[in-house]
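Remarks on the overall topology
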Amino acid sequence: MEGASGAHHRDPFKSSVGRVAGQRRRQQAVTVGKERRESVVRAKRLRRADPSDHGDDGSMQPAVMGDEAAYKALEESTVNAVHNLKNLLKGSPAKRIGALQTLRHLLSCTAMPPVHVAIEAGVVTLLVDCLAFGSSEEQLFEAAWCLTNIASGDLQQTRAVEPALPLLILHLGEKSAVHVVEQCAWAIGNVAGDGEVFRDVLLKQGALHSLSRHLLSPVPSLSRTAAWALSNLIKGPSPKAAMELMKIEGMVDTLVSHVSKGEEDLVVEVAWVLVYVTSMSDLHVTLLLNAGLLPPLLGCLASSEQLSLLTPVLRTLGNIVAGDNSKTDVVLSVGQSLPGGIIGVLARCLESKHRTLQKEAAWAVSNIAAGSILQKHTVFNGGVVPPLLHLLATAVFDVRKESAYCLGNLCVAPKESREQGGIILEHLIALVDGGCLPGFIALVRSPDVEAARLGLQFLELVMRGLPNGRGPKIVEKEDGISALEELQFHENDELQTMSNTLIDRYFGEEYGLEEEYGPGMDVLRGSDDSSDYPPWRQGGGLTA
Amino acid sequence: MQYTEETVKTLSSCFLQTLAPTLEPRKQAENFLKGAADQPGYGITILRLLSDPSVDEEVRQAAAVNFKNHVKYRWVTPDPDFPPPLNPIQDPEKDQIKGLIVTLMLSTPPKIQSQLSEALSIMSQHDFPSKWQTLLPELVVSLQSATDYTIINGILQTSNSIFKRFRYQYKSNELFTDLKYCLDGFAAPLLEIFLKTGQVIAANSENLSVLKPALECQRLSCRIFYSLNFQELPEVFENHMAEWMGEFHKYLVYTNPLIQETNREKSSIIDELKAAICENINLYMEKNEEEFQGYLGQFATDVWSLLMSVSLSTSQDWLATTAIKFLTTVSKSVHHKLFSEPSTLQQISESIVIPNVMIRDEDEELFEMNYLEYIRRDVEGSDMDTRRRIACELVKGLSTHYHEQVTALFSVYLQNLIQEYAANPAQKWKEKDCALYLIVALAPRQASVGATGTDLVNIEQFFDTHIVLELQVQDVNSNALLKADALKFFTTFRSQIRKQLTLKLMPQLIGFLVAESNVVHSYAALCIEKLLALKDGKQLRYTASDLTPFLQPLLTNLFTALKLPESQENPYIMRCIMRVLSIADVGPFASQCLAELTGILVEVCKNPSNPSFNHYLFEAVAALVKKACQRDPEQVVVFENMLLPVFQNVLEQDVTEFAPYVFQIMAQLIESRRPPLPQNYIAFFPPLLTPILWQRQANVPGLVRLLQAYLQKAPQEINQGNQLPQVLGVFEKLIASKNTDYQGFFILNTVIENVSFEVLSPYMSQIWTILFSRLQYRSTGKFIKSLIIFASLFVVKHGPSKVIDTINSVQPNLFLSILDNVWSPNLSTITGEMEIKLCAVAASMLFTPLLEGSATPYCGKLLNSVITLLVKPEDERIDEEQDVPDLDEMVGYTAVYAQLHNSTKTEDDPLKDVKDPKEFLAKILGGVSLQQPGKLPSIVQGLESSNQTALAQLCSTFRISIV
């Protein structure tokens, strides 16, 4: 009797550890925190001195911050430059260009250019005029550069650039000179970096198609800038733009071929495009894999040491393995050619000292570990467990949380093969013996509700899964009960219910007395639980 | 409703009357307002009334409360599936209210303001931000323009309650979109006001009337900081971290004798601000340690010196605990090295831990005046925020990285404390208390077998020298606190104490049951109870025979303890009684116990107030019934004579809380009887069918069980009394709801089993109609399963043709349609060993009549399902499905049904003679092959291939051939 009802019993946490990881892919769309990409500040790029006029670099040293007088002077010169430009607008082209150059110098000589005063002085309308059709290349270039740096400011400053957008997009056309196109793309990229509202405006005005043409440019700096601007444009959270981009004919092959060529600076930018595409469209993941994305992508992972490259590549990989298990299988099999396999490569990333890499790698591992039973075994035996245990015990909070997802997923059987009531006992025992429990208990005590839930789910696995009732004892020994008790009055209903249920079930007053009273004990736990018992048996009404 | 002089007058007088001391006018006014609240425009009218300065202050306040409740119950978004019980406020009126409330809230006097702030926060839970885009800008503009701190704090108070949800909801795109919106709008003005107020505080250190509200403003800002930073570190806060942390530091070290609280029980505003800051830096330390690490050193120093100066007064409890929590977090983190110096560890232990663990006068007072609260904190884990507990958490935190050092330190402290006590027991008892508290608290928290040990002392040795001595003192009333400590120690380490020694101490434990101190006798009961529940493997460590020598004094003292002052309803004692009765051989004492328990029952019936005591009381009665009656049915009469009058009283006086228990125990009594039931039971039966009893959800399970007991033991009497239609009426009511339908099937199944078909047949057509219409309109997976089980039971009990005929009597050929659309497709979802057997056997029995009729085409599907049911493991057959309970039926107060463990029922197999349903199926198919050869092979060919294989295997196992 007990066995039968036990098997039918629906356990609230059984498979949820796995499910949560799978769903997390799209939850990353809205962020409030700083995006940590360490070496590259991606969303916005100020264009400092031009590589062609190296001579200026020395003479135009940025004003020392804090030197207020110098900055005041800079602001003053900027305002004067704007007025000067206004006066020369109708004048000779050469003088106009000269005025533009002065302005551009002022707007690019420091990390904090005096954009606000320029805007107040009415610079944008003037620059829009300078972008008019038929203007000289040089004028267009200088105007676009000024706009680029204005758009690198805060939200208000970006908004000021809006009137210039149609013309900037227009100059992305095939007939424009390469350095003009690149500068316009740069400006657009900065605008797109400032949120979905601007991205929508740009999309409506057709920036996506114009930019995408230049991905194939033979000029390396242009294809790089185009890729970067596109990556900003398709960020979402809405997947519309990414879908639009991938509908362009030949896009899949273009992206794959860029990754294959392995020119690192370009791969960085393309990989960011891939990050957003793979996070939003399953279909395109399939197409990219079919086009041969994986061998070069995984190649980068194994060969590069560059943080700026590894970050987007790892994240793309994480997105791919967040899809269905067949894609993970492809990743694993392609990865076999790498030393230690793909799991070995990920293990090395986990061992890196960079928090970003640790986190991205753990995220990818957690997705693979959420897959089929075979995939779980591969991960488990692939060398990630020691670094994960280490991270869970010592890393910063968000890395600990990611590691916990990995370890939790390794212990939960996939739904289709429920061995031992959803637990992969071999893994669970090894991890508990490896000393993971204190780490999970620390998560239960964490103020982060998601982490606390994760910790609770793992404790549940341990208490239910370990043979001979060892689970509750070891949780007890690691002082897990007081951790559970702390959640009993939590404002989050689910955490409260989960901790209460666990305490009742494993440490409640009936603890150890079930046999004595028989299965009827469970009825006390409330109508939700009892509804799981086949109906008439509960009343036991069949006695003749 | 319009705002006219007339309405103002009417409503004003109504609100005045709701404050009337006499019941009648108050009720009248309340009813009038209830009616008025249904009219559109009521909310806005009340809002105007309460903000009208010409209206009487008392009326305005009453109106404000009324408005808040109005919003609470009616500010809902209508859901067509679940119409709310009260008319919701319409959108246009909602918009009007939204437009007015912020301004009104900020311009009304404090008592009204607090109500409006609460109302606003309720509204925001529904509408903010997506449906209330103006709120945040409005708050920000008011905040930026306000100079009066009453207004500023009003705005911050409201904002704080709006943002609180970011503290406990899960991350999702929706939540983050809202959070981002709030950050974009509020983070900058918050910092602005925080910095500005900082200057105000600096400039007004002498001016109390400015200082206090300004500090309150900072406290509220800190709480908002906490909410906005809770999910993750927002970019805008990271960018301004230096400013925030700089201010935090300033306040942590801020001192000003002017603002010290004169009331020693109340915490001062600056302490509250400091505590809020500790929570913020603790949050950063927990989640953003990397970004925060630059500030850590400074804050550790600040908090450290803060703790050195915090007094032991209760008014500083909150500050002390939050500050210690911060140090605990640091001690567990990667930055634990801050504490690595031996001198630092020592200083923390001596200056922070030990003083905070020492018992205070307040704790002593609690020990004497409020024993339940003392116990709750001392042993039940509700001491989460007490200084003692938090100080021990700090020790545990330090042990994470410095286990050996900390253990060594504390071993010495313990020795010293014990020695100090030994040298001067009369004066230094607090030292021993402290030592015992530390040992117990630092052992991992335990539940099952108790703590298995500690590194600090050798438990057995310590127990022998320091605990046994305490327990063996002649006077159970001397030095009560240490006695309680010793008993708690015993309870905690109970599994480590040898059985022989425990039994030797049993008389002492029993003696403490009648100690004067409520804590002491409660702990004695708790200790005995936990000892009796202790198990080695699956065996109870202490058996009935171990208990027998002590039984008489034990029971005597337990019941005596319940007569001690303030312990008349002591749940620990009653629980111990329950445990003793369910384990011991009570034989000779049964009637004495019954008399005692009945006496208590009579008393608590008069005013049931302590649910856990009452639960254990009924549990104890059930245990006694189980022990005594089920062994010796003759005893039943004795029990009935004692209990039934009390039960009758419960039902007559309508003691709602007890009815569910009474039904269970009555069922238990009936079940242990042999038929026929005596007349007094039969007389009890008709009142049980009163609808009002069944309307209370909590009654239903117990009543169903009782009804089943009657149906089993007295089906004839029920039929003769013509009560079957009423029983079926109950079935019909229960079956109508998703929440109770399975209870309805319990009754129906019992009826089918115990009542003859002749009696039943007039009702069958009606029963099927009820079931099928429920199936048609509100079916659930669970309902279908129950239906199949019922039909199967019917087949097995009365034969397949009766089932087919009665179903077809509802509508010609209905049976085949049900079979094909419901029965066959869902048969394989049945779970449970007994249920599977029942349903498989019943389905097998259908083949003969089906094949004899012209229903051969239906047999394939059925056979396929039966084989699946019998062969495939449960996991592969069943998709998990979740039925949604009927929410609308769960509205309103209901007592909770609590199942009595000691009164659970045993289940019986309806098919004892069928051993193996697979064999049964094979035999049936073999029989069909003999009688109607040629029919089966074509059916078999239509089966799923895996089932064909399985069937072939069955045939060979049971030597049957299908032809």
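Remember, it's a predicted structure, so these values are computed and weren't measured experimentally. (Residues numbered from 1 in each chain as written. Chains lettered and ligands numbered in written order. Predicted model: local features only at pLDDT ≥ 70, side-chain atom pairs only at ≥ 80, totals over all residues. Heavy atoms only, no water.)

Quick word on the overall build of chain A
Each helix and strand in chain A was counted, giving 35 helices and zero strands. By the burial criterion, 60% of the 544 residues in chain A qualify as buried. Restricting the contact set of chain A to residue pairs at least 6 apart, pairs at least 24 apart contribute 72%. Surface accessibility of chain A: about 20600 Å² in total, with carbon and sulfur atoms responsible for 55%. (Helix = DSSP H or I, 4+ residues; strand = E, 2+ residues; numbered from the N terminus. Buried < 20%, exposed > 50% of the residue type's maximum accessible area, 1.4 Å probe, protein only. Contact = heavy atoms within 4.5 Å. Areas by Shrake-Rupley, 256 points an atom, 1.4 Å probe, with all protein chains shown as cover.)

Section: the overall build of chain B
Helix and strand content of chain B: 47 helices and two strands. Looking at the 963 residues of chain B, the share that counts as buried comes to 57%. Of all intrachain contacts in chain B linking residues separated by at least 6 positions in sequence, the fraction that spans at least 24 positions is 75%. Total accessible area on chain B is roughly 40100 Å²; 52% of this is exposed by carbon and sulfur atoms. With 82 positive and 108 negative side-chain charges, chain B shows a separation of 4 Å between the mean positions of the two kinds. (Lys, Arg positive; Asp, Glu negative; His and termini not counted. Charge placed at Lys NZ, Arg CZ, Asp CG, Glu CD.)

Thoughts on helix H28 (residues 437-444) of chain A
Residue and element names in this part refer to chain A. Burial analysis of H28 places six of its eight residues in the buried class, the great majority of the element. Listed as buried for H28 are Leu-437, Gly-439, Phe-440, Ile-441, Leu-443 and Val-444. Tucked into the core, H28 has its buried residues touching helix H25 (385-394), helix H26 (397-411), helix H29 (449-465), helix H30 (470-477) and helix H31 (480-486).

What to know about the confidence of the model for chain B
Residue and element names in this part refer to chain B. Of all residues in chain B, 96% have pLDDT values of 70 or greater, and the mean over the chain is 89. Taken together, the stretch residues 880-895 has pLDDT below 50 and engages in 23 contacts with residues farther than four places along the chain or on a different chain. The ipTM value of the predicted complex is 0.74, and its pTM value is 0.77. (pLDDT = per-residue confidence, 0-100.)

Description of unusual backbone geometry
Residues and elements named next belong to chain B. Geometrically, the link from Phe-128 to Pro-129 is a cis peptide bond, its omega value of -5 degrees lying close to zero. Of the consecutive residues Pro-675 and Pro-676, the connecting peptide bond is found in the cis state with omega at 0 degrees. Considering the arrangement of structural elements, one finds Pro-676 in the loop between helix H31 (659-671) and helix H32 (679-688). Backbone geometry at Asp-654 places phi at a positive 55 degrees, although glycine is not the residue there. Although it is not a glycine, Asn-722 adopts a positive phi angle of roughly 60 degrees. Inspection of the secondary structure assignment puts Asn-722 in the loop between helix H35 (715-720) and helix H36 (724-735).

Brief notes about the packing of aromatic side chains
The full count for this structure, using the stated rule, is 37 aromatic pairs over all chains. Consider the rings of Phe292(B) and Tyr295(B), whose centres lie 6.4 Å apart with planes at 35 degrees: the pair is tilted. In this pair, Phe292(B) and Tyr295(B) both sit in helix H14 (residues 289-309), three residues apart, roughly one turn of the helix. Note on Phe292(B): relative accessible area 0%, which makes it buried. Ring geometry for Phe463(B) against Phe489(B): centres 6.5 Å apart, planes inclined by 25 degrees, an arrangement best described as stacked. Remark: Phe489(B) occurs in helix H22 (residues 480-492) and Phe463(B) occurs in helix H21 (residues 459-471); sequence separation between them is 26 residues. Considered together, Phe463(B) and Phe489(B) belong to a single accessibility category, that of buried residues. Among the aromatic residues, ring-to-ring pairing joins Phe194(B), Phe225(B), Phe237(B), Trp244(B), Phe248(B), Tyr251(B), Tyr284(B), Phe292(B), Tyr295(B) and Phe299(B) into one connected group. Over the face of the ring belonging to Tyr170(B) we find Arg453(A), whose NZ or CZ atom lies 3.9 Å from the ring centre. Directly above the ring of Tyr437(B) sits Arg388(B), whose terminal nitrogen or CZ lies 4.1 Å from the centroid. (Phe/Tyr/Trp six-rings, centres within 6.5 Å; stacked < 30°, edge-to-face > 60°. Lys NZ or Arg CZ within 6 Å of the ring centre and 35° of its normal.)

A closer look at the nonpolar core
Residues and elements named next belong to chain B. Ranked by internal contacts, the top residues of the largest apolar core, which has 346 residues, are Tyr-710, Ile-747, Trp-768 and Leu-771. The element best represented in this core is helix H19 (residues 387-423), accounting for 15 residues. Apart from residues lying up to four places away in sequence, Ile-747 is in contact with Trp-694, Val-704, Leu-707, Leu-711, Val-727, Val-730, Phe-731 and Leu-734. (Core = buried A, V, L, I, M, F, W, Y, C linked by side-chain atoms within 4.5 Å.)

Topic: the packing of helix H17 (residues 264-280) of chain A against helix H20 (residues 307-321) of chain A
Residue and element names in this part refer to chain A. Between H17 and H20, the least distance of the axes is 8 Å, while the angle of their chain directions is 25 degrees. The pairing of H17 with H20 is recorded here as roughly parallel in orientation. When you trace H17 past H20, the crossing you get is left-handed. Between H17 and H20, the residues in contact are Glu-264, Val-267, Val-268, Ala-271, Trp-272, Leu-274, Val-275, Thr-278 and Ser-279 and Ser-308, Leu-309, Thr-311, Pro-312, Val-313, Arg-315, Thr-316, Asn-319 and Ile-320, respectively. Across the contact of H17 with H20, the residue classes tally to ten nonpolar, six polar and two charged. (Axes fitted to C-alpha atoms, helices over the stretch in contact; angles between N-to-C directions. Parallel < 35°, antiparallel > 145°, perpendicular 65-115°, else oblique. Left-handed = near helix turned anticlockwise from the far one by under 90°. Nonpolar A, V, L, I, M, F, W, Y, C, P; charged D, E, K, R; others polar.)

Points about the environment of Met105(B)
Residues and elements named next belong to chain B. Note that Met-105 resides in helix H5 (residues 91-107). Separated by 532 residues in sequence, Met-105 and Val-637 have C-alpha atoms that sit 68 Å apart. Every residue in contact with Met-105, bar those within four places of it in the chain, is listed here: Gln-113, Leu-116, Ser-117, Leu-120, Gly-154 and Thr-158.

Some remarks on the pattern of salt bridges
In this structure the tally under the stated criterion is 57 salt bridges over all chains. The partner of Asp324(A) in a salt bridge is Lys327(A), and the shortest N-O contact between them spans 3.2 Å. Given a relative accessible area of 6%, Lys327(A) falls into the buried group. One salt bridge in this structure joins Lys488(B) and Asp378(B), with 2.8 Å as the shortest N-O distance. Of this pair, Lys488(B) sits in helix H22 while Asp378(B) sits in helix H18 (residues 371-379), placing them 110 residues apart in sequence. Overlapping salt bridges, with partners in common, bring together Arg445(A), Asp479(A), Glu486(A), Arg389(B), Glu393(B) and Lys396(B) in one network. (Salt bridge = Lys/Arg side-chain N within 4 Å of Asp/Glu carboxyl O.)

Here we look at helix H7 (residues 135-145) of chain B
Residue and element names in this part refer to chain B. Turning to H7, its buried residues number three or more, namely Leu-135, Leu-136, Leu-139, Val-140, Ser-142 and Leu-143. Along the long axis of H7, the arc covered by the buried residues comes to 165 degrees, so they all point the same way. Set apart from the buried face of H7 by more than 90 degrees, the exposed residues are Val-141 and Ser-145. Close packing links the buried residues of H7 with H5, helix H6 (110-127), helix H8 (149-163) and helix H9 (173-203). (Arc of directions from axis to C-beta.)

Notes on the side chain of Asn864(B)
All names here are of chain B. Tracing the backbone through its elements, the reader meets Asn-864 in helix H43 (residues 856-871). A polar atom in the side chain of Asn-864 sits 2.6 Å from the side chain of Asn-947. Excluding its chain neighbours within four sequence positions, the residues that come into contact with Asn-864 are Leu-943, Glu-944 and Asn-947. (Polar contact = N/O pair within 3.5 Å; in protein donor to acceptor, adjacent residues only side chain to side chain.)

So, the environment of Arg541(B)
Residue and element names in this part refer to chain B. Position of Arg-541 among the secondary structure elements: in the loop between strand S2 (539-540) and helix H25 (544-547). Assessed through its relative accessible area of 13%, Arg-541 is described here as buried. Considering only alpha carbons, one finds Arg-541 and Lys-499, 42 residues apart in sequence, at a separation of 7.9 Å. Those residues in contact with Arg-541, other than ones at most four positions away along the chain, are Arg-494, Ser-495, Ile-497, Lys-499, Leu-534, Lys-535, Asp-536 and Asp-546. In this structure the side chain of Arg-541 is engaged in a polar contact, spanning 3.5 Å, whose partner is the backbone oxygen of Ile-497.

Comments concerning the state of the cysteines
All names here are of chain B. Counted by the stated rule, this structure contains zero disulfides over all chains. Free cysteine Cys-182: the closest other cysteine sulfur is in Cys-222, separated by 18 Å. Left without a disulfide partner, Cys-859 is nearest to the cysteine sulfur of Cys-955, which lies 16 Å away. For Cys-859, a relative accessible area of 1% corresponds to the buried category. (Disulfide = S-S within 2.5 Å.)

Quick notes on the packing of helix H27 (residues 571-583) of chain B against helix H29 (residues 611-629) of chain B
Residues and elements named next belong to chain B. Packing of H27 against H29 leaves a shortest axis separation of 8 Å and a crossing angle of 15 degrees. What the angle tells us is that H27 and H29 run roughly parallel. H27 and H29 meet at a crossing whose hand is left-handed. Counted together, Pro-571, Met-574, Arg-575, Ile-577, Met-578, Leu-581, Ser-582 and Ile-583 of H27 and Ser-612, Phe-613, Tyr-616, Leu-617, Glu-619, Ala-620, Ala-623, Leu-624 and Lys-627 of H29 form the full contact between these two elements. Per-class residue counts for the contact of H27 with H29 are twelve nonpolar, two polar and three charged.

Some details on the confidence of the model for chain A
All names here are of chain A. Summing up the model confidence of chain A, the mean pLDDT is 77 and the portion of residues at 70 or higher is 81%. Segment residues 51-65: pLDDT under 50, and twelve contacts once partners within four positions in sequence are set aside and those in other chains are kept. When the criterion is pLDDT under 50, residues 510-544 qualifies, and its contacts beyond four places in sequence or with other chains add up to 95 contacts.

Here we look at the environment of Glu235(B)
All names here are of chain B. Examined against the element boundaries, Glu-235 turns out to sit in helix H11 (residues 235-239). For Glu-235, a relative accessible area of 37% corresponds to the partly exposed category. Distance in space between the C-alpha atoms of Glu-235 and Gln-948 is 65 Å, their sequence separation being 713 residues.

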